[in-house]
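Examination of the molecular architecture
Now for the letters of each chain:
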Amino acid sequence: MDGTGLSDDRLLSRAELAELAGVMRPAVTNWQRRYEDYPEPVRTGETELFSLRAVLRWLDSRQIPSRARASDEPAGFTYADRMRRNLVASDDARQGAAALGDEATGSGPLSDEEERARQLAQLLGPMADAVRGGASMTDYLALLLSLVFLQVSGSPRSMSLPRTVQSRSRAATAALLQEIGEAADEALRLRGVPPGMRTAIVRLEPREYGDVVEVIRLTDGLGIDEFRQLVDQFGSRAALPSGEFFTPRAVVRLMRDAALGDEDSARRVYDPYARAGEMLDGVAERLGGVVPLTLRGESPQRGTLRLAGMNLALHGIPVELEAGTAAPWNERAWPKGHRADLILTNPPFNAHGAVPKPREGIDWPYGPPPSGSPAFAWLQHVLVSLKDEGRAGVVMPVSAGTSTDVREREIRSRLVEDGAVECIVALPPQLFSGAQVSVCLWFLRSSAAVREEILFVDARDLGDKATRGPRVLSDEHVGAVTRTVQAWRRGTGFRLGRQSAGHLAVAAPLEAVRAAGYSLSPADYADRWMSTASPAEAATEAATTERVLAEARRRTKAVDGTVDALSYGPLPSATVLSYDGLPHDWRRVPLGELVDIMAGPSYTRLPAEVRSAAGDLRVVMPKHLREGRIDDRDMEKVSVDVARALARFRLRPGDILCVRSGAQMPPALVEKAQDGWLFSTNLLRLRALETDGGPLVLPGYLLAYLSLPETVHWLKEYARGTAVPSLSAATLALLPVPLPPLAHQRRIGAVLDAVHAQITAHRELIQAATQHRSTLAAHLLTGVLVPE
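Cut-offs and rules
Residues numbered from 1 in each chain as written. Predicted model: local features only at pLDDT ≥ 70, side-chain atom pairs only at ≥ 80, totals over all residues. Heavy atoms only, no water. Axes fitted to C-alpha atoms, helices over the stretch in contact; angles between N-to-C directions. Helix = DSSP H or I, 4+ residues; strand = E, 2+ residues; numbered from the N terminus. Parallel < 35°, antiparallel > 145°, perpendicular 65-115°, else oblique. Contact = heavy atoms within 4.5 Å. Nonpolar A, V, L, I, M, F, W, Y, C, P; charged D, E, K, R; others polar. Expected span 1.5 Å × (residues − 1). Buried < 20%, exposed > 50% of the residue type's maximum accessible area, 1.4 Å probe, protein only. Left-handed = near helix turned anticlockwise from the far one by under 90°. Salt bridge = Lys/Arg side-chain N within 4 Å of Asp/Glu carboxyl O. Pairing = 2+ DSSP bridges.

A few words now on the packing of helix α24 (residues 699–707) against helix α25 (residues 709–718). At a closest axis distance of 5 Å, the pairing of α24 and α25 adopts a crossing angle of 70°. Judged on the interaxial angle alone, α25 and α24 are roughly perpendicular. Contact with α24, carried on its side by Y705, L706 and S707, involves P709, T711 and V712 of α25 and no other residues of that element. Looking at the contact of α24 with α25 residue by residue, the class counts come to four nonpolar, two polar and no charged.

Between its first and last C-alpha, helix α14 (residues 249–260) extends 16 Å over twelve residues, near the 16 Å set by a 1.5 Å rise per residue. Of all the twelve residues making up α14, eleven are buried; the element is thus mostly covered by neighbouring parts of the structure. Positive phi shows up at G261, right after α14, with a value of about 65°.

Each pair of packed helices can be summarised by the angle the axes make with each other and by the distance between the axes. Contact geometry of helix α17 (residues 374–384) with helix α19 (residues 406–417) gives a least axis separation of 11 Å together with a crossing angle of 25°. Taken together, α17 and α19 sit at an angle that is classed as roughly parallel. For the crossing formed where α17 meets α19, the hand is left-handed. In this structure, α17 uses F376, L379, Q380 and L383 to contact α19, whose residues at the interface are E408, I411, R412 and L415. Along the lines of polarity and charge, the residues of the contact of α17 with α19 split into five nonpolar, one polar and two charged.

Moving on, we come to the pattern of salt bridges. For side chains bearing opposite charge, pairing can occur when the charged atoms are close. Tallied over the full model, the rule gives 41 salt bridges. One salt bridge connects R611 with E636, and the closest N-O pair in it is separated by 2.8 Å. A residue pair is termed long-range when its members are at least 10 positions apart, and R611 in the loop between β17 (595–599) and β18 (617–620) and E636 in strand β21 (residues 636–638) qualify at 25 residues. Taken as a pair, R611 and E636 share a single burial class, namely buried. Residues participating in the shared-partner salt-bridge network are D225, R228, R249, R256, D257, D281, E285 and R286.

Read from one edge to the other, the open sheet built from ten strands follows the order β6-β5-β4-β7-β8-β10-β9-β11-β15-β14, with strand pairing classed as mixed. Strand pairing shows two members of the sheet lacking a second neighbour, β6 (319–323) and β14 (497–498), which therefore form its edges. With five bridges connecting them, strand β9 (residues 421–426) and strand β10 (residues 439–445) associate as antiparallel partners. Among the inter-strand pairings, I424 is bridged to a residue of β10, identified as W442.

Laid out in structure tokens, this is it:
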């Protein structure tokens, strides 16, 4: 908070600061030139913006001269006091924003979890730009990780860090960053982890000392869950190469739970390529405090090994981390005294230096891998590192299961015949940041028991594609695949074919694997056209889609009748027309006289960093304007904190949205279901002006006019720009609108609404018929249903 009650750190121009302070714009420029301690600007292209919070702090000590004070401003009144008062007076949407907070989170204080989410959103949003300056986002994340690590690990030096502003000098700011880095490195050394956080932290360029203090304060109360989220952020922002990028949490949970099953018997857990320790962290999350665990990991990358050490130290579980190599089988004999109950790993497939070398006097248990294929060397390293009856989960490239290389095929055949392969799961594409390779999970077991079959799971169709970044496996999908594997392993509850979540599962006998040339690709065994329904279930499903189709036909018939009943005819020939062809009681009015036109918030107020699929309030973008309505699919959201600061950009039913910049398309009407949503930077919002007699124009009528091809052509013609066409509010206000009396507008709107309802009903009829046909085809073509 800055004293205004605002939770955001606004970035304002000199003109905006001058208006709030009640001075001329040159006065703000003079402040910046004359005083060295005036807050530094944030440069965005050619524009300089200033932190509202920082300027308020600076003006707190600058009293308004008596000749410049207003009559209601007492002696000693500062420019900061005036700015705060003007902020409160000018922000006419703050009461609505407070109501928004109640709607989104419920009345009363935030829960601990919601408060931590709010803190994290602030740290990754406004505070990031305030503190990092010209440094990288990964340097800033190193600061956040260090602060959370110090606090959760109970470091005494964490409590000595300032929570209030004690200085304003640059030297003090640099010293504070150095102190944090040294404290983090000391804590790492005490835990046997190579230090190095200070180097990243001192590269930061905070705007002022108070920004670093605010970051320290905001990290108070954050815990292991938030640390994991920061590690994930580091992995996605650091553009790590394939040998270093982190394994998504959902993939870790799937590997862990599928490998462990219902058992909690694992005691020694090993990851021979630990990356950021996410595999070991996943095991500690489930088994920590349940069984006596020993975690062991290796990695050739010191930077990510440092993160792994920090991550795992927070669990209070014994951890052995070593600086390994990308090819451990080349450095030493096969492990004997460190064999594990459970191994989970995501090794590098194409890491430089990982090419297997000839091993004198030591045999590869399943055959020497080809020189260009470290994947099969990793598999064998994992298997010989397991105890008897131990299990492993390994991320492998899809090509490893289907390669026609003679050596690789021979290794696969020996693995299968030896009973080492339990299960193969094909994952959806694009799950990993920085890597587009398709992967499978290989679940292995070191056992003397003869295995009669191998489970193949095809989960390639699962997961949700995020607006930005990699695909995401939901908790539901992770649980569904895990339950499939566990049911097969138990021998009870397993069902062949397509599962409830949409993935396919087949338990293939060894004869089938031999016949397929020892292919270990689920696609060679799981038939994508399999039906999971029994004849009775298929009949019920077909009856359901038939009922939906019948209901769609009923609605279509009703709206067809409404449209058939509409009546309209030609204008009487005796009607007097104006010079431009309009009836005498019509007039042509500029759009700006009928509606209030508002542009969306600037990009600095609504950047990509504050939008996600997991927010509280939806944000409408140009791509959501479809056929006169707002399509709510694939929408991003913002948090309550961000929404409070953008309350004046909330939508109301009856508003109309037009494209501001980018390709022009027909506008869309805001309906009741979209009440309170936000609109984005690239949109213009139109809201009908009202008089004592009601609105000057009806939204339905105006939408119809704006959607005419001729009007859309006008919008395209007047959209100015070079690379990206742009339509300003001032230009749109000039659009001439033919305006009949309100009663006539209502009649026109009723006719067009009825036809729109007819179009919608017919589309729904087509959709219902398509679904019914798909259902019938799926069951008729697999023999579950039989035509009579």
